[in-house]
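Summary of the model geometry
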Amino acid sequence: MPKSLDEAALVDGEGYFYIFTHVIFPLSKSAVIVVALFQFLGVSNDFLGPLVYINKESKFTLALGACSNLLAITQLNGSC
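This write-up is about the structure you can find in this document. (Residues numbered from 1 in each chain as written. Predicted model: local features only at pLDDT ≥ 70, side-chain atom pairs only at ≥ 80, totals over all residues. Heavy atoms only, no water.)

Section: the overall build of the protein
Broken down by element type, the protein carries 4 helices and 0 strands. Traced from its N-terminal end to its C-terminal end, the protein shows the element sequence α-α-α-α. In terms of overall dimensions, the protein has a C-alpha envelope of 75 × 25 × 15 Å along the principal axes. When the 80 residues of the protein are sorted by exposure, 12% land in the buried category. (Helix = DSSP H or I, 4+ residues; strand = E, 2+ residues; numbered from the N terminus. Buried < 20%, exposed > 50% of the residue type's maximum accessible area, 1.4 Å probe, protein only.)

Here it is, written out as structure tokens:
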């Protein structure tokens, strides 16, 4: 992002909050969305944390519960 955009807004008499909300953030909105999406996917697909810390199956996360159910089904079918 060019520094001249910030400087032009300052010369026009705008404050720092206005510059951030009306100049910087709209230009970086797509990058913020991508980082938030990757962070959400990384946290939701976490297997090791819940596997180590959670003992009750009723408190498993969605990803860990799906994996646990898949393992139980394959053991019942004898295809392990």
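Describing the packing of aromatic side chains
In this structure the tally under the stated criterion is 1 aromatic pair. For the pair Phe-20 and Phe-25, a centre-to-centre distance of 6.1 Å together with 40° between the ring planes defines the contact as tilted. By relative accessible area, Phe-20 is classed as partly exposed at 43%. The class for Phe-25 is partly exposed, based on a relative accessible area of 33%. (Phe/Tyr/Trp six-rings, centres within 6.5 Å; stacked < 30°, edge-to-face > 60°.)

Here's the deal with the packing of helix H1 (residues 3-11) against helix H2 (residues 16-44)
Contact geometry of H1 with H2 gives a least axis separation of 10 Å together with a crossing angle of 145°. Considering how the two elements wind past one another, H1 and H2 form a crossing that is right-handed. Mapping the contact onto sequence places Leu-5, Asp-6, Ala-9 and Leu-10 in H1 and Tyr-16, Ile-19, Val-23, Ile-24 and Leu-27 in H2. Class assignment of the residues belonging to the contact of H1 with H2 gives a composition of 8 nonpolar, no polar and 1 charged. (Axes fitted to C-alpha atoms, helices over the stretch in contact; angles between N-to-C directions. Left-handed = near helix turned anticlockwise from the far one by under 90°. Contact = heavy atoms within 4.5 Å. Nonpolar A, V, L, I, M, F, W, Y, C, P; charged D, E, K, R; others polar.)

Let's talk about a nonpolar patch on the surface
On the surface, Val-34, Leu-37, Phe-38, Phe-40 and Leu-41 cluster together into a nonpolar patch covering about 520 Å² of accessible area. Position of Leu-37 relative to the elements: it lies in helix H2. When its relative accessible area of 48% is taken as the criterion, Leu-37 is described as partly exposed. (Patch = residues over 30% accessible without salt bridge, like charges linked within 9 Å, V, L, I, M, F, W, Y side chains within 5 Å. Areas by Shrake-Rupley, 256 points an atom, 1.4 Å probe, with all protein chains shown as cover. Salt bridge = Lys/Arg side-chain N within 4 Å of Asp/Glu carboxyl O.)

Notes on the environment of Glu-57
Turning to its location among the elements, Glu-57 is positioned in the loop between helix H3 (48-53) and helix H4 (62-77). Take Glu-57: its relative accessible area is 60%, and that puts it in the exposed class. Sequence separation between Glu-57 and His-22 is 35 residues; the distance between their C-alpha atoms is 47 Å.

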